[in-house]
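Single-letter residue listing:
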Amino acid sequence: MNTYHVRLYTTGEELPDMTSNNFFHSPELFHIIEKTPGQTPFMAVATDDDNQIVGHLLAVVRRRGSLIPPYLFTQGRVYGEGEYADDAHSEEIFGLLLAAITRKMRRRLCLYTEFSDLSRKMFGYRYFRQNAFVPVSWQEVRNSLHSKAPSDRVTEKMRERIAHVYSLGVETREARTEQEVRQFHRLLRRFVKFKIRHLPPSEELFLELHKSARIRIFLTLYKQKIIGGCVCAFSQGNACLWYIASKRKSYPHLHPNMMTIWHAMNWAWEHHYAHFCFLDAGLPYPRNPHREFILSFGGKPLATYRWFRFSGGWFNRLISWFYQ
């Protein structure tokens, strides 16, 4: 029987050498988060008896707050289940990493910890339950890019609408300067101003992401004004839409969200990525306008779980009872 050892790293200087294909669990993202105010990274690393790394998982503690509406709390956030050696028992190792992260989040008094975008719906189910996480049924959206071009997956009506908006002078391209990244960040802050779940991180994060070869920030412009944009991460052969914002109320006839996603999706297809994944397809309501919108690009809804653990034991039990 294999014996594994888990250590939690809190500073980039202590991180061991490791290779990572998953951007969301990479040392690169750890160092980026480390430089970002209001966020603290934790890397849980599992090694075997030969001191070889067999798995690692990156969690981020984010301080969230706003004056309108007034609130202040900390949140633990994890995208995916981590990364594991090819011959490793991934779920068993995940259980050890999850226990270490859960203890850390409890000591940090996080209001709640959230896991999303797992590779399989039932991955780690037993270990999540052992650590008092609550499963919430969710829907994610993924577009396949390896068999058909994006233009072959949308309706004729959408193709005509996109062509019409292009004819009006709208263009989408990559951000070229730090000043453009700052402008996009301001747009994003206004876009999610009254959405508690979507308060964006600080400007410094976007400036650091802009330097990464695994990130693209796309901007949609009209008459040289930024009216939309998104942040895409490229990981394990897939493109992941991370953040998106637009001036959709000021320019409804230009459909800035549609044009931004369309350009990002075509960029990913032209660069031979397998899938275009939406990291946030909206809350799991039966009819969600945002999810219906992103499904119009020809993707497929995937039934999955998001796992939550709240700091208050009684509240966590109440939520668990409610979702059962």
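Since the model is a prediction, treat every value here as computed from it, not as a measurement.

Notes on the overall build of the protein chain
The helix and strand tally for the protein chain stands at nine helices and 13 strands. Here the C-alpha radius of gyration of the protein chain, 20 Å, is about what a compact globule of 324 residues would show, namely 20 Å. Counting only C-alpha atoms, the protein chain reaches 65 × 45 × 40 Å along its principal axes. The buried share of the protein chain, reckoned over its 324 residues, is 53%. Partitioning the intrachain contacts of the protein chain with sequence separation of at least 6 by distance along the chain shows that 71% fall at a separation of at least 24.

Examining the state of the cysteines
In the structure shown here, the tally under the stated rule is zero disulfides. Cysteine Cys240 remains unbridged, with the sulfur of Cys277 as its closest cysteine sulfur at 4.7 Å.

Side note on empty space enclosed by the protein
Per the counting criterion, the structure on display carries one cavity of 30 Å³ or more. Space inside the largest cavity adds up to approximately 110 Å³. Taken together, 13 residues line the largest cavity, and the ones lying closest to its centre are Ile33, Gln39, Val60, Tyr79 and Trp242. Elements supplying a minimum of two residues to the lining of the largest cavity: helix H1 (27–34), strand E3 (53–66), strand E4 (71–79) and strand E11 (238–246).

Some points on the nonpolar core
A general trend in soluble globular proteins is that nonpolar side chains are found buried together. Residues Phe23, Phe24, Val231 and Trp242 are the most contacted members of the largest nonpolar core, which totals 38 residues. Listing elements by their share of this core, those giving two or more residues are H1, strand E2 (39–47), E3, helix H5 (178–191), helix H6 (203–210), strand E9 (215–222), strand E10 (225–235) and E11. Here the element with the most residues in this core is H5; it accounts for five residues. Sequence-distant contacts of Phe24, that is, excluding residues within four places in its chain, are made with Leu29, Leu58, Tyr79, Ala233, Cys240, Trp242 and Leu279. With 31 residues, the next largest nonpolar core counts Val170, Met258, Met259 and Ala268 among its residues.

A look at the pattern of salt bridges
Summed over the entire model, instances satisfying the criterion amount to 12 salt bridges. Across the pair Glu91 and Arg120 runs a salt bridge, and its minimum N-O distance is 2.8 Å. Taken together, the residues span a long stretch of sequence, with Glu91 in helix H2 (residues 90–107) and Arg120 in the loop between strand E6 (112–116) and helix H3 (125–130) at a distance of 29 residues. The partly exposed category is assigned to Arg120, whose relative accessible area is 44%.

Observations regarding the packing of aromatic side chains
Considering all chains together, one arrives at 30 aromatic pairs under this definition. Taken together, a centroid distance of 5.2 Å and an interplanar angle of 80 degrees make the contact between Phe24 and Trp242 edge-to-face. Residue Phe24 is found in the loop between strand E1 (5–9) and H1, and its partner Trp242 is found in strand E11; the two are separated by 218 residues along the sequence. You'll find Phe24 and Trp242 in the same group, each marked buried. For the ring pair Phe293 and Phe297, a centre distance of 5.5 Å and an interplane angle of 80 degrees mean the geometry is edge-to-face. For Phe293, a relative accessible area of 25% puts it in the partly exposed group. Put simply, the rings of Phe94, Phe115, Phe123, Tyr125, Phe128, Phe133, Tyr305 and Trp307 pair up and form one aromatic cluster.

Conventions used here
- Residues numbered from 1 in each chain as written.
- Predicted model: local features only at pLDDT ≥ 70, side-chain atom pairs only at ≥ 80, totals over all residues.
- Heavy atoms only, no water.
- Helix = DSSP H or I, 4+ residues; strand = E, 2+ residues; numbered from the N terminus.
- Rg over C-alpha atoms; globule rule 2.2 N^0.38 Å.
- Buried < 20%, exposed > 50% of the residue type's maximum accessible area, 1.4 Å probe, protein only.
- Contact = heavy atoms within 4.5 Å.
- Disulfide = S-S within 2.5 Å.
- 1 Å grid on protein atoms, 1.4 Å probe; cavity = no way out; pocket = protein on both sides within 12 Å on 5 of 7 lines; lining within 4 Å.
- Points joined across faces, edges and corners; volume = space filled by probe spheres on them.
- Core = buried A, V, L, I, M, F, W, Y, C linked by side-chain atoms within 4.5 Å.
- Salt bridge = Lys/Arg side-chain N within 4 Å of Asp/Glu carboxyl O.
- Phe/Tyr/Trp six-rings, centres within 6.5 Å; stacked < 30°, edge-to-face > 60°.

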